[in-house]
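Structural overview for review
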Amino acid sequence: MFPSIRKWFAGGVCTSTAMLHGKVVVITGANTGIGKETARELARRGARVIMACRDTAKGEAAACEIRTETGNQEVIVKEMDLSNSKSIRKFAENFLKEEKKLHILINNAGAMMGHYTKTADGFEMHIGVNHLGHFLLTFLLLDRLKQSAPARIINVSSMTHAFWKINFQNLQGERWYNPLLAYFQSKLANILFTRELARHLQGTGVTANALHPGAVLSELGRQSYLVSILQAAIPFVFKTSKEGAQTTVYCAVAEELTSVSGEYFSDCKPAWVAPQGRDENSAKKLWQISCELLGIQWDSRVCSEQSLTT
Ligand SMILES: NC(=O)C1=CN([C@@H]2O[C@H](COP(=O)(O)OP(=O)(O)OC[C@H]3O[C@@H](n4cnc5c(N)ncnc54)[C@H](OP(=O)(O)O)[C@@H]3O)[C@@H](O)[C@H]2O)C=CC1
Ligand SMILES: CC1=C(/C=C/C(C)=C/C=C/C(C)=C/C=O)C(C)(C)CCC1
């Protein structure tokens, strides 16, 4: 009985055997948890994997393990702190100098905080790292993705997007604050961003999809009492990080998703999106506010080039 219950909690498995020789992948937050297991699997499939990590020592330890296990020496660590737009711009600038192709961008990194904190740019940490950091990174790397089409952008969101809304009157939590609600808001932002991004990318050969990895026994709860308690109290309902990486790997490699864009997946299949994640007006409003906060103009070639030098 127990193994079958455990198998149910383990969730969907990516059955595609597609290999990725000659493909370049960027994964944020790849030093641990779901990101590390995604990096391991894509390296095993032959991709050149750039692990974008804020702590390069932790990143190098993970990369070394992956290189040894898979025999793929093209697993590279680069520094990027999503809580600092200067660091994101520096990463993108170096990447564009060094890499001529980018086929898969996986916006995986995620912060879950226990109290109010701000990024170096003064944004509330959840919206700053989980949404705005990835929004800026995607903007800076988009031309390379378009040049490498067919290409894919994958945003790791969460089922918790359904538990809250985008509070445009209190986006940065300055009026009142709850860290868990701020996390939920940022995961909803991931879905709305994906939706609007897919619309912008129509006809470019670049797709954008979002996903829920499942409830995963990773380091995500390190600063959240609630998640730590859940992980300790009911560990059997949580996936391992390898199980949690399956839907990301599916979105990255599945042949049937080549021209699927703007969708949301869980357990390697399409999943239900809460009404607030399907709201086009919110998606457009969030897009516009994100551009304003980051000082970027998405559709302007001139600004896109300037943004790399400022
Ligand atoms: N675990 C779960 O149950 C669920 C997770 N998710 C999502 O999955 C994704 C991966 O999370 P998971 O593997 O579980 O969590 P982990 O905490 O294990 O991994 C998160 C990764 O993000 C990195 N990160 C955090 N802040 C920053 C930053 N400022 N700049 C760069 N990297 C950063 C971490 O780096 P470092 O090690 O240096 O802190 C780490 O590599 C997240 O987006 C999360 O929201 C969604 C639903 C459920
Ligand atoms: C109890 C229980 C569940 C546990 C859910 C949990 C523990 C979710 C954690 C989500 C997190 C941490 C999301 C982060 O973005 C399941 C698996 C739905 C199945 C039904 C019973």
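Scroll up to find the structure.
So, here is what we can say about the structure in this document. (Residues numbered from 1 in each chain as written. Chains lettered and ligands numbered in written order. Predicted model: local features only at pLDDT ≥ 70, side-chain atom pairs only at ≥ 80, totals over all residues.)

Scanning the protein chain from N- to C-terminus turns up 11 helices and 8 strands. Its C-alpha radius of gyration of 18 Å places the protein chain within 12% of the 19 Å reference for a compact globule of 310 residues. Each of the three principal axes of the protein chain carries a C-alpha extent, and together these read 60 × 45 × 35 Å. Burial status across the protein chain gives 48% buried among its 310 residues. In the protein chain, once contacts between residues fewer than 6 apart in sequence are set aside, the share between residues at least 24 apart is 74%. (Helix = DSSP H or I, 4+ residues; strand = E, 2+ residues; numbered from the N terminus. Rg over C-alpha atoms; globule rule 2.2 N^0.38 Å. Buried ≥ 20, exposed ≤ 12 C-beta atoms within 10 Å, placed from the backbone. Contact = placed C-beta atoms within 7 Å.)

Time to look at the sheet that holds strand β7 (residues 264-266). Pairing is mixed in the open sheet, where 8 strands are placed in the order β3-β2-β1-β4-β5-β6-β7-β8. One side of each edge strand has no neighbouring strand; the edge strands of this open sheet are β3 (75-79) and β8 (269-270). Sheet topology note: the β7/β8 ladder contains 2 bridges and is antiparallel. By the bridge assignment for β8, Phe265 is matched with Pro270. Along the sheet face, helix α2 (residues 33-44) touches β1 (24-28), β2 (48-53), β3, β4 (104-107) and β5 (151-156) and points at about 170° away from the line of β1. Most of the contacts of helix α5 (residues 125-147) go to β4, to which it runs at about 175°, and overall it touches β1, β4, β5 and β6 (206-212). (Pairing = 2+ DSSP bridges. Axes fitted to C-alpha atoms, helices over the stretch in contact; angles between N-to-C directions.)

Around ligand 2, the structure places Ser158, Thr160, Lys187, Ala215, Val227, Leu230, Ile234 and Val237. Taken together, the residues of the shell around ligand 2 sort by class into 5 nonpolar, 2 polar and 1 charged. (Near = placed C-beta within 6 Å. Nonpolar A, V, L, I, M, F, W, Y, C, P; charged D, E, K, R; others polar.)

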